[in-house]
Amino acid sequence: MRAGEIHVAVAERSAVGRMRRWRRRQSPWPLLSQPRGLVVLIGAVVCGALLLAVGAGSLTPIRGAELATFAALVACAGLCVEAMRRLGKPSGLTRDLLGAWWLPTVLMLPPLYSLLIPVPVYLLLQFRIRRAVVHRRVFNAASVGVAGFAASALFHGVVAGDWSDGLSLPLEATEAAVSSARGAVLALACCAVFTVLNNLAVAAAVSLSATGAAWRKMLFDREALIVDGVELCAGITAAIVTGLSPLLLAVVLPPVLLLQRSLLFEQLQTAARTDPKTGLLNAATWEAEAGAEIVQARRAGRSAAVLIVDIDHFKAVNDTYGHLFGDHVLLGVATTLTGQLRAGDVVGRFGGEEFVVLLPGADTAEACRIAERLRLRVGRMEMKADGTKVAITVSLGLAVLSVHGEDLVGLLAAADLALYRAKGAGRDRVCLPVVARPAIPVQLGGEPDSDREAMPSATGVTAPESGERD
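Read on for an overview of the structure.

Cut-offs used in this document
Residues numbered from 1 in each chain as written. Predicted model: local features only at pLDDT ≥ 70, side-chain atom pairs only at ≥ 80, totals over all residues. Heavy atoms only, no water. Phe/Tyr/Trp six-rings, centres within 6.5 Å; stacked < 30°, edge-to-face > 60°. Helix = DSSP H or I, 4+ residues; strand = E, 2+ residues; numbered from the N terminus. Buried < 20%, exposed > 50% of the residue type's maximum accessible area, 1.4 Å probe, protein only. Axes fitted to C-alpha atoms, helices over the stretch in contact; angles between N-to-C directions. Left-handed = near helix turned anticlockwise from the far one by under 90°. Contact = heavy atoms within 4.5 Å. Nonpolar A, V, L, I, M, F, W, Y, C, P; charged D, E, K, R; others polar. Pairing = 2+ DSSP bridges.

Working definition: an aromatic ring pair is given by the centre-to-centre distance plus the angle between the planes. Applying the stated criterion across every chain yields a total of four aromatic pairs. Seen from their ring centres, W286 and F350 are 6.2 Å apart, and the 75° between their planes marks the pair as edge-to-face. Here the residue W286 occupies a position in helix α14 (residues 283–300), and F350 occupies one in strand β2 (residues 346–351), the gap between them amounting to 64 residues. Seen in terms of ring centroids, Y321 and F325 are 5.4 Å apart; in terms of plane orientation they differ by 55°. Their pairing is tilted. The two residues Y321 and F325 agree in class, both being buried.

Listed below in structure tokens is the structure:
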């Protein structure tokens, strides 16, 4: 197939295959429309949590003191959920401090309770905060439960000296262990195990469901590590206080609520500036930041360039493979663009399948090199839908400060016209806007200077004056 065409070989698919894909997209069970690897992961984690609950339930005695402690921890977690509801919780992958109540459960109570505490808390999140897709809530609760069970079994097994005895270790034994120096170190290590296991499970789900691009940032992002550290410290503190008396959790609750409020407020501010599907700046924020950069560039006499990046045949992708896969394509393109740009470049999602990039300090030659690199990198992306490789290409329009416009509005208008040229010339290319040829003085009886030509596109394509965009 020619460059610029998306490889949607619909005619080569069997009627049975098309019917199966259509049924999956129309299925009332959203889980069935997810990638097969994600379905397997969710099934394995949920089934593992259920099997562990059945096995541990048969070996764990029911004691009144442990039930009272469990109820106190659930109540504290419930109050944190209510605090989220009042402040609001951003959509997408977010961070909270509910681990401050998971960790005391992991350390102080038998491992069975680590499997149970996520159930009421995630029910509250579902019905009091936001109605999320059910399989996501179930998976999150199961991953917290399995990670908590593993860490709790490790801690109780070491304290008891035997894994089977650790399943029924009484509260008095864990209280004594946490209050000792050796036990505190062991508790810290087990809490770290819980955090790592839970993050790995969620990162695996993100990788399988969203092109595998965001999990590295989730695991190794500095802010995420700081939040995990704060959560671990709060959990250890709550565990020590729980060992003294569950009533003293009332002393731990206010600082945890304050920390969580600060964390959510920062995330809400970030969410107001970013696009939820790609994590890039939204259109309003990009315009504000890019406009300020353009003003500074003009004052300092520096160059700058604006790119508009448009995914070719994006409507055909959505119509053929569904909007869920279309969202994966948006995220994949956004991640590719971000990975290929410089630290000072400003990139955002302009709407639909369009992205915008400001290149401070870039002249025409450098901007063309960057744009061509972006085009090639996106074209090498490996996207698969139902086992079929889907080729994604982009068209780019480029405008340079003081050459095609004097402010952000002028640059965007010029880049948009260049994008029309790229679309009309066959897509999958970089184009510059046509620069009007200056008036040529002609003497009587003379011939015009035929060497003066309009500026060509960056790819040397002589494009029609207009083109139809997706």
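Closest axis-to-axis distance for the helix α4 (residues 99–108)/helix α7 (residues 134–160) pair is 8 Å, and the angle between their directions is 40°. Of the two elements, α4 crosses α7, and the hand of that crossing is right-handed. Contact residues: α4 offers W102, V106, L107 and M108, while α7 offers V144, G148, A151, S152, F155 and H156. For the contact of α4 with α7, the residue count by class is seven nonpolar, three polar and no charged.

Right, let's get into the environment of F265. Mapped onto the fold, F265 is located in helix α13 (residues 249–273). Classification of F265 by relative accessible area gives partly exposed; the value is 45%.

Here we come to the pairing of strand β6 (residues 394–400). With seven of seven residues buried, β6 lies mostly within the body of the structure. The two faces of β6 match: V394, L396, L398 and V400 on one face and S395, G397 and A399 on the other face are all buried. Both strand β1 (residues 304–311) and β6 contribute to a ladder of seven bridges, which runs antiparallel. Residue pairing in the sheet places I311 in a bridge with V394 of β6.

Right, let's talk about the sheet that holds β2 for a bit. Strand order in this open sheet of five strands is β2-β3-β1-β6-β7, and the pairing throughout is mixed. One side of each edge strand has no neighbouring strand; the edge strands of this open sheet are β2 and β7 (430–431). Summarising the sheet, β2 and strand β3 (residues 354–360) pair through five bridges and their orientation is antiparallel. If you follow G351 over to β3, its bridge partner there is E354. Contacting β1, β2 and β3, helix α16 (residues 323–340) runs over the sheet at an angle of about 10° to β3. Sheet strands in contact with helix α18 (residues 408–424) are β1, β2, β3, β6 and β7, and its direction is about 140° off that of β6.

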